[in-house]
Amino acid sequence: MNERILVVDDEESLRLSLKFKLKSAGFDVDVAVDGEDALEKLKARPADAVLLDINMPRMSGIETLTVIRQRYPQTEAIMLTGFADFSTAIECLKIGAKDYLVKPVDTTELVTRLRSLVRSRSNERALQEVHQQYLGFLTEDVLDPLKKIQSSLDQLAKLPGDAEKERKKVLAGARDAADMIEAKLKVLAQFAKEAAEAVEGSSEANAAQLTEQLKGIRRGSGR
Amino acid sequence: MATTTDKKKIQYLYRFKFDNGTEKTFDVVLDGESLELLRDEPKEKPEWTKLKYSQCENCPLSDSVEYCPVALSLAGLVEAFSDSLSYEAALVTVETRERTYVKKTTLQKGLSSILGIYMSTSNCPILSKMRPMTRFHLPYANSFETFFRSVSSYLTAQFLLMRRGETPDWDLQGLKEIYKEVNTVNKGMSVRLHRATEKDANINAVVILHSFGDGISYFIESGLADLEPMFEVFLKKNGPPDAKP
């Protein structure tokens with residue numbers, strides 16, 4: 001699916017020319033006539049990135065940026081201005097804009113920056129997925145069996161001396177849990193070794209592959 | 001001032017009225033045939049109008065030319081709006097010999113309209129190719145209207161070339177090249193204006209002209225797709241309709 005870009009500018013010719021440029025570069029483009037319209041459009045359908053004019057009537061680009069960062073933290077922002085001003089640029093970057101470009105914007109430069117921005121955004125999401133899978137592994141596949149072993153040990157300590165049958169059952173359960181942890185950790189160790197080798201030239205595709213491997217380990221197949 | 005008689009002059013009287021009651025007026029007068037801007041030599045020439053101050057990268061003018069003709073044409077307008085914001089509301093009235101146009105719009109839109117005339121008639125060798133459009137100036141035109149006027153104007157030039165036995169450029173590749181050069185000048189002018197102004201109204205007006213130039217390339221590459229349905233009557237197999245009802 002193409003990355004979705006929302007162009008926000010109060011001037012029709014600028015919206016149209018940016019839309020033409022970005023569509024022909026392969027982006028899915030929508031436009032908004034001002035900050036309020038931009039927020040409505042984002043509410044209806046999220047965007048990967050917004051191109052935000054700074055000087056707009058009613059709601060300025062900076063005000064719009066502030067709201068977008070609060071409501072849609074996944075949406076990146078590049079600010080556009082006709083009048084370059086260092087302090088405004090710093091303010092925008094502090095609020096959370098990823099870039100600040102002076103109009104008229106060079107098409108190649110804009111497309112390059114947008115691609116880099118949405119790509120790093122995708123990588124970030126993919127790595128977050130790896131992280132989620134890894135956390136799931138630690139809690140469900142390691143910590144939960146460990147708790148089971150601890151609970152078994154507590155049970156054993158409380159059992160009366162003649163409850164041999166019950167003792168054996170609890171011990172078997174604990175043994176199964178320990179074996180499971182050992183098996184999972186062995187696969188994880190191998191996975192970690194291979195993942196470290198794959199980290200060089202890390203990309204969204206690599207991260208997605210790591211996620212699938214982790215899912216495999218968690219399902220118990222190991223690979 | 002050149003000695004063109006009043007009859008041969010083309011005049012655009014631009015009047016900007018703001019919500020605070022202030023008003024600014026600019027009288028643009030062109031020679032009716034050459035479409036050259038008729039103006040008195042400015043008494044004061046700001047530093048930023050010097051050619052070498054920020055010369056466009058494709059400027060063909062020689063070092064002997066001291067002032068940028070575009071900058072000089074724009075000087076009065078730029079100074080008048082140097083501290084104005086692009087989105088400021090204005091009632092812009094344009095009076096011509098034939099009619100009067102009135103529109104409540106943004107300052108940047110009104111400015112880009114008059115800026116376009118000043119720039120194309122300024123004797124800049126690159127922007128001069130836009131002059132024929134100036135004769136059919138449409139104040140506050142939107143992108144689609146501007147694209148249509150550009151293409152129409154260029155195709156008229158090709159027809160006239162053909163009549164002279166020369167090879168016309170019907171696929172509009174030359175028009176794309178013209179706008180590529182024009183946009184290099186627009187870009188250069190926005191850099192120059194950035195140093196001459198305190199707020200964004202003037203620069204954004206040039207940016208609007210630049211965006212028209214950007215857009216027209218895509219418009220041509222699309223094969224004028226947006227226009228095609230309107231010309232269906234000419235595109236039917238048997239050609240244009242005859243006069244019979």
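Throughout what follows, the structure given in this document is the object of discussion.

**Section: the overall build of chain A**
And then number 1: Assigned secondary structure in chain A consists of 7 helices and 5 strands.
And then number 2: Sequence-ordered secondary structure for chain A, helices as α and strands as β, is β-α-β-α-β-α-β-α-β-α-α-α.
And then number 3: For 223 residues, the compact-globule estimate of 2.2 N^0.38 gives 17 Å, and the C-alpha radius of gyration of chain A, at 26 Å, exceeds that figure by more than 25%.
And then number 4: Dimensions along the principal axes, computed over C-alpha positions, put chain A at roughly 90 × 35 × 30 Å.
And then number 5: Here the contacts in chain A between residues at least 6 apart in sequence split such that 65% fall between residues at least 24 apart.

**Some words on the overall build of chain B**
And then number 1: Broken down by element type, chain B carries 7 helices and 4 strands.
And then number 2: When its helices and strands are written in sequence order, chain B yields β-β-α-β-β-α-α-α-α-α-α.
And then number 3: Its C-alpha atoms give chain B principal-axis dimensions of about 60 × 45 × 40 Å.
And then number 4: Expressed as a percentage of the 245 residues in chain B, the buried residues total 37%.
And then number 5: Intrachain contacts of chain B at a sequence separation of at least 6 include 63% that bridge at least 24 residues.

**A short note on the interface of chain A and chain B**
And then number 1: On the side of chain B, 23 residues touch chain A, which itself brings 18 residues to the contact.
And then number 2: When the residues that make up the side of chain A that touches chain B are grouped by side-chain class, the tally is 8 nonpolar, 5 polar and 5 charged.

**Thoughts on the sheet that holds strand β3 (residues 89-95) of chain B**
Residue and element names in this part refer to chain B.
And then number 1: Spatial ordering of the open sheet is given by β2-β1-β3-β4, a layout of 4 strands whose pairing is antiparallel. Taken across any chain shown, the strands that pair with only one partner, and hence form the sheet edges, are β2 (23-31) and β4 (100-106). With strand direction ignored, the average angle separating the axes of adjacent strands in the sheet is 15°.
And then number 2: Summarising the sheet, strand β1 (residues 9-18) and β2 pair through 9 bridges and their orientation is antiparallel. Bridge pairing in β2 places Q11 opposite V29.
And then number 3: On top of the sheet, helix α2 (residues 107-120) reaches β1, β2, β3 and β4; it is set at about 130° to β4, its chief contact.

**Considering the sheet that holds strand β1 (residues 4-8) of chain A**
All names here are of chain A.
And then number 1: Taken together, the 5 strands give an open sheet; going across it, the order is β2-β1-β3-β4-β5, and neighbouring strands pair in parallel fashion. The open sheet has two free edges, formed respectively by β2 (28-32) and β5 (99-102), since each of these has just one partner strand. Sheet twist, expressed as the average angle between the axes of neighbouring strands with direction ignored, equals 20°.
And then number 2: Both β1 and strand β3 (residues 49-53) contribute to a ladder of 4 bridges, which runs parallel. Bridging across to β3, V7 finds its partner in L51.
And then number 3: Sheet strands in contact with helix α1 (residues 12-24) are β1, β2 and β3, and its direction is about 170° off that of β2.

**Things to note about the packing of α2(B) against helix α6 (residues 201-221) of chain B**
Residues and elements named next belong to chain B.
And then number 1: Relative to each other, α2 and α6 sit at 65°, their axes nearing to 8 Å. For the element pair α2 and α6, the recorded crossing hand is right-handed. Contact residues: L107, Q108, K109, L111, S112, L115 and G116 in α2; A201, N202, N204, A205, V206, I208 and L209 in α6.
And then number 2: Classifying every residue of the contact of α2 with α6 gives 8 nonpolar, 5 polar and 1 charged.

**Quick notes on the nonpolar core**
And then number 1: Counting residues in hydrophobic clusters, the biggest one holds 83 residues, and the most contacted among them are A:I5, A:L6, A:V50, A:L51, A:A77, A:M79 and B:L115.
And then number 2: No other element matches the 10 residues that α6(B) contributes to this core.
And then number 3: Ignoring any residue separated from it by four or fewer positions in sequence, one finds A:M79 in contact with A:L52, A:I54, A:G61, A:L65, A:C92, A:A97 and A:Y100.
And then number 4: A:A207, A:L210, A:L214 and A:I217 belong to the second-largest nonpolar core, a separate cluster that totals 8 residues.

**Some remarks on unusual backbone geometry**
And then number 1: A cis amide bond links A:K103 with the next residue in sequence, A:P104, at an omega value of 0°.
And then number 2: Within the element layout of this structure, A:P104 appears in the loop between β5 and α5 (107-158).
And then number 3: Even without being a glycine, B:N123 presents a positive backbone phi close to 80°.
And then number 4: Along the chain, the position of B:N123 falls in the loop between α2 and α3 (131-135).
And then number 5: Within the chain, B:L224 stands out as a residue other than glycine whose phi angle is a positive 55°.

**Let's talk about helix α3 (residues 61-71) of chain A**
One turn of an α-helix holds 3.6 residues; hence residues three or four places apart share an orientation.
Residues and elements named next belong to chain A.
And then number 1: Along α3, the residues that are buried comprise G61, T64, L65 and I68. Buried residues in α3, looked at end-on, bunch into an arc of 100°, giving them a common side.
And then number 2: Among the structural elements, β1, α2 (35-44), β3, β4 (76-81) and α4 (86-95) are those in contact with the buried residues of α3.

**Brief notes about the environment of A:A208**
And then number 1: By the secondary structure assignment, A:A208 is in helix α7 (residues 204-219).
And then number 2: Taking the C-alpha atoms as reference points, A:A208 and A:L153, 55 residues apart in sequence, are found 39 Å from one another.

What counts and how
Residues numbered from 1 in each chain as written. Chains lettered and ligands numbered in written order. Predicted model: local features only at pLDDT ≥ 70, side-chain atom pairs only at ≥ 80, totals over all residues. Helix = DSSP H or I, 4+ residues; strand = E, 2+ residues; numbered from the N terminus. Rg over C-alpha atoms; globule rule 2.2 N^0.38 Å. Contact = placed C-beta atoms within 7 Å. Buried ≥ 20, exposed ≤ 12 C-beta atoms within 10 Å, placed from the backbone. Nonpolar A, V, L, I, M, F, W, Y, C, P; charged D, E, K, R; others polar. Pairing = 2+ DSSP bridges. Axes fitted to C-alpha atoms, helices over the stretch in contact; angles between N-to-C directions. Left-handed = near helix turned anticlockwise from the far one by under 90°. Core = buried A, V, L, I, M, F, W, Y, C linked by C-beta atoms within 7 Å. Arc of directions from axis to C-beta.

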